[in-house]
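Each chain, written out:
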Amino acid sequence: MLETTAAPAGVDELIASLPPSFRWGVATSAYQIEGAVHEDGRGRSIWDTYCRVPGAIDGGDIGDVACDHYHRMPDDVALMQDLGIDAYRFSVAWPRVQPGGRGGVNPAGLAFYDRMVDELLGRGIDPWVTLYHWDLPQELEDAGGWPVRDTAYRFADYAMLVFDALSDRVHAWTTLNEPLCTAMLGYYRGVQAPGRRDFGAAIHAVHHLLLGHGLAVQRMRAAAANPVQLGITLNTSSVSPATGSPADVEAARRADGLGLRIYLDPLVHGAYPADVIEDLEVRGVRVPVQDGDLAVISTPFDSLGINYYFSTLVSGVDSTGRTVDADGVPVELDVRYGRPVTAMDWEITPDGFTELLARIGRDYPGIPLVITENGAAFKDEPDETGFVRDDDRAAYLAAHIAAVARARQAGADVRGYFVWSFMDNFEWSYGYDKRFGLIRVDYETQRRIPKHSAHWYRDTIRRVRGA
Ligand code: IFM
């Protein structure tokens with residue numbers, strides 16, 4: 001927990017320095033809030049399957065009901081309006097719109113998002129659509145999932161079903177949320193759906209995710225009848241070596257390569273980084289690039305979404321002094337800074353956020369940035385009315401928004417900020433125990449109760465706007 005609730009000197013001034021044009025929002029994703037997994041023809045996703053693997057999710061939780069947002073959407077949008085946000089970032093559930101991941105559209109599933117867009121616009125909130133936030137149709141996983149090239153083409157087809165239906169009213173489009181999690185946590189570490197543990201498959205997934213992004217951007221751009229903002233969202237952290245030793249410096253280089261540059265270099269520069277390719281060769285893995293792929297992947301896009309939670313210190317030496325583990329894999333260990341942590345046990349490192357944004361601005365210039373997620377889980381303790389006095393969350397948000405303002409002063413072109421998350425929700429393999437919301441959800445009754453941080457966020461937006 002944070003040791004103090006008082007904002008460090010300068011935080012308020014930094015936040016107040018953000019311009020009136022800065023966009024403020026909140027974010028969620030479909031599987032984490034919607035529930036209604038069997039309704040209106042929705043197909044099965046890899047998360048429906050994964051949640052039923054014994055031991056995969058803390059407490060055996062599943063997303064079948066989640067926040068019941070599918071049935072409560074208009075009330076939830078009304079609560080968003082109370083926050084005074086400009087924009088709401090949500091994801092579309094692929095298996096709702098195209099149940100088996102291929103073929104025609106499921107009109108009943110698409111209608112939910114159509115209604116939501118109208119509801120948002122009616123309340124003066126700009127809809128920001130993310131097309132893929134991890135809920136791959138199970139049938140596509142059965143056919144090989146993201147490690148298989150065909151999935152990239154299936155994704156572009158699905159993207160067009162949604163784009164054709166909503167782009168008359170939606171201008172902000174994100175293809176993928178956090179491809180690193182899909183590839184590395186889903187196909188290598190096995191801690192997210194589909195729960196596989198195959199490093200080579202994960203690297204193939206990286207390439208096919210990027211290819212799917214590029215194909216979708218090309219087709220959306222060609223079809224756009226109105227001005228659109230097309231982008232992708234990456235989760236990133238600022239990586240530093242634990243010490244100046246060559247082993248630690250090398251480990252930090254490798255972590256940065258697989259954490260950030262393997263995505264941004266092909267997206268922006270049209271090539272995978274040479275050192276990453278060498279690291280992969282050492283591990284017997286090749287990126288499955290075919291002729292023309294890199295031109296597709298580096299199709300220009302308009303906005304880069306950054307999701308930031310913490311920075312990392314890395315060591316290349318394990319506790320026994322080895323630099324390579326028993327499987328021949330170079331050691332890469334996270335080391336503590338010794339900072340206070342959130343309920344996720346993530347260290348609170350807003351300074352790393354400034355460094356990261358300034359560095360992205362320098363190494364990948366000319367691309368507007370938007371913070372598409374930032375926020376924190378804390379051990380919320382509601383009073384007898386259900387109200388949560390979450391000074392810790394408000395302090396976390398203040399420190400990180402100030403870090404964004406500092407990065408802007410250092411030259412990073414950051415244009416907006418979305419809190420993760422609008423409301424408490426299903427935190428993947430951690431289940432419902434980890435609460436990130438501005439709004440408390442009482443899962444017994446589905447009652448929504450704005451926390452102190454929700455009031456703080458609303459007041460902050462007002463202050464910056466000078467309203
Ligand atoms: O809840 C997730 C979200 O789905 C993706 N980004 C990180 C969040 C917190 O872990």
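This is a predicted model, so every value here is computed, not measured.

(A) Just unusual backbone geometry, in detail. A cis amide bond links Ala193 with the next residue in sequence, Pro194, at an omega value of 5°. With respect to the helices and strands, Pro194 occurs in the loop between helix H9 (179-188) and helix H10 (199-223). Geometrically, the link from Trp420 to Ser421 is a cis peptide bond, its omega value of 15° lying close to zero. Structurally, Ser421 can be placed in the loop between strand S11 (414-420) and strand S12 (439-442). Positive phi, normally seen in glycine, also occurs at Ala36, with a value near 50°. Tracing the sequence through the fold places Ala36 in the loop between helix H2 (30-33) and helix H3 (46-50). One non-glycine residue with positive phi stands out, namely Asp68, at about 55°. Its place among the elements puts Asp68 in the loop between H3 and helix H4 (69-83). Asp68 gets classed as buried once you look at its relative accessible area, which sits at 14%.

(B) Structural view of the site of the ligand. Near the ligand the following residues occur: Gln32, His133, Trp134, Asn177, Glu178, Tyr309, Trp346, Glu373, Trp420, Glu427, Trp428 and Phe436. For the ligand, an oxygen atom lies 2.8 Å from a polar atom in the side chain of His133. Protein chains shield 95% of the accessible area of the ligand, which is 280 Å² for the free molecule. When grouped by side-chain class, the residues that make up the shell around the ligand number six nonpolar, three polar and three charged.

(C) Up close: the pairing of S11. Within S11, six of the seven residues are buried, leaving the element largely enclosed by the surrounding structure. Taken together, the five bridges between strand S1 (residues 23-27) and S11 define a ladder with parallel strand orientation. Pairing of Ala27 across the sheet is with Trp420, part of S11. In this structure, strand S10 (residues 369-374) lies alongside S11, joined through three bridges in parallel fashion. Across the sheet, the residue bridging to Ile371 is Tyr417, located in S11. Each parallel crossover has a hand, and the one from S10 via helix H15 (residues 391-409) to S11 is right-handed.

(D) Structural context of helix H11 (residues 246-269). Look at H11: only 28 Å from first C-alpha to last across 24 residues, short of the 34 Å you get at 1.5 Å a residue. Largest kink in H11: about 55°, centred on Arg261. Positive phi appears at Gly270, one or two residues downstream of H11, with a value of about 75°.

(E) The arrangement of H10 in detail. The first and last C-alpha atoms of H10 sit 36 Å apart over 25 residues, in line with the 36 Å expected at 1.5 Å per residue. Judged by how many residues are buried, H10 sits mostly within the fold: 19 of 25 residues are covered.

(F) Main features of the sheet that holds strand S8 (residues 312-315). Across the sheet, three strands lie side by side as S6-S8-S9; this open sheet has mixed pairing. Lying at the two open borders of the sheet, with one neighbouring strand each, are strand S6 (239-241) and strand S9 (333-335). Between one strand axis and the next, the sheet turns through 45° on average, direction left out of account. Inspection of the sheet shows S8 paired to S9 by three bridges, in the antiparallel sense. Bridge pairing links Val314 to Asp334 in S9.

(G) Fine view of the packing of H11 against helix H12 (residues 274-282). For the pair H11 and H12, interaxial distance at closest approach is 10 Å and the crossing angle is 115°. If you check the angle between H11 and H12, you find them roughly perpendicular. Every pair of crossing elements has a handedness; the one defined by H11 and H12 is left-handed. Residue-level contacts link Arg253, Arg254, Gly257, Leu258, Arg261 and Ile262 of H11 to Asp275, Val276, Asp279 and Leu280 of H12. For the contact of H11 with H12, the per-class residue count stands at four nonpolar, one polar and five charged.

(H) Here's a closer look at the sheet that holds S1. Strand order in this closed barrel of eight strands is S1-S2-S3-S4-S5-S7-S10-S11, and the pairing throughout is parallel. Here the strands of the sheet are splayed against their neighbours by 25° on average, with no regard to which way each runs. Pairing of strand S2 (residues 87-91) with strand S3 (residues 126-132) involves five bridges; the strand directions are parallel. The residue bridging Ser91 from the neighbouring strand is Thr130, located in S3. H9 rests against S3, strand S4 (172-177) and strand S5 (229-236) of the sheet, and its axis sits at about 45° to S5.

(I) Inspection of the nonpolar core at higher detail. The biggest cluster of nonpolar side chains holds 142 residues, and the ones touching the most others in it are Trp47, Trp173 and Tyr457. The next biggest cluster of nonpolar side chains, apart from the first, holds five residues, and it includes Ala152, Leu211, Leu215 and Val296.

(J) Just the side chain of Arg393, in detail. Within the secondary structure, Arg393 sits in helix H15. You can call Arg393 buried: its relative accessible area is 1%. Only 3.0 Å separates the side chain of Arg393 from the backbone oxygen of Ala376, close enough to count as a polar contact. Beyond its immediate sequence surroundings of up to four residues, Arg393 is in contact with Ala376, Ala377, Phe378, Asp380, Arg435, Phe436, Gly437, Lys451 and Ser453.

(K) Molecular detail of the side chain of Thr349. You can see Thr349 is positioned in the loop between S9 and helix H14 (350-363). For Thr349, a relative accessible area of 1% puts it in the buried group. Apart from residues lying up to four places away in sequence, Thr349 is in contact with Tyr308, Phe310, Ser311, Tyr337, Arg339 and His400.

(L) Layout of the pairing of S2. Burial analysis of S2 places five of its five residues in the buried class, the great majority of the element. In S2, alternate side chains face the same way, and those of Ala87, Arg89 and Ser91 on one face and Tyr88 and Phe90 on the other are all buried. Here S1 pairs with S2 via three bridges, running parallel. Among the inter-strand pairings, Ala27 is bridged to a residue of S2, identified as Arg89.

Quick notes on the rules
Residues numbered from 1 in each chain as written. Predicted model: local features only at pLDDT ≥ 70, side-chain atom pairs only at ≥ 80, totals over all residues. Heavy atoms only, no water. Helix = DSSP H or I, 4+ residues; strand = E, 2+ residues; numbered from the N terminus. Buried < 20%, exposed > 50% of the residue type's maximum accessible area, 1.4 Å probe, protein only. Near = heavy atom within 4 Å. Polar contact = N/O pair within 3.5 Å; in protein donor to acceptor, adjacent residues only side chain to side chain. Areas by Shrake-Rupley, 256 points an atom, 1.4 Å probe, with all protein chains shown as cover. Nonpolar A, V, L, I, M, F, W, Y, C, P; charged D, E, K, R; others polar. Pairing = 2+ DSSP bridges. Right-handed = clockwise from strand over helix to strand, strands pointing away. Expected span 1.5 Å × (residues − 1). Bend = angle between axes of the 7 residues up to and from the residue. Axes fitted to C-alpha atoms, helices over the stretch in contact; angles between N-to-C directions. Parallel < 35°, antiparallel > 145°, perpendicular 65-115°, else oblique. Left-handed = near helix turned anticlockwise from the far one by under 90°. Contact = heavy atoms within 4.5 Å. Core = buried A, V, L, I, M, F, W, Y, C linked by side-chain atoms within 4.5 Å.

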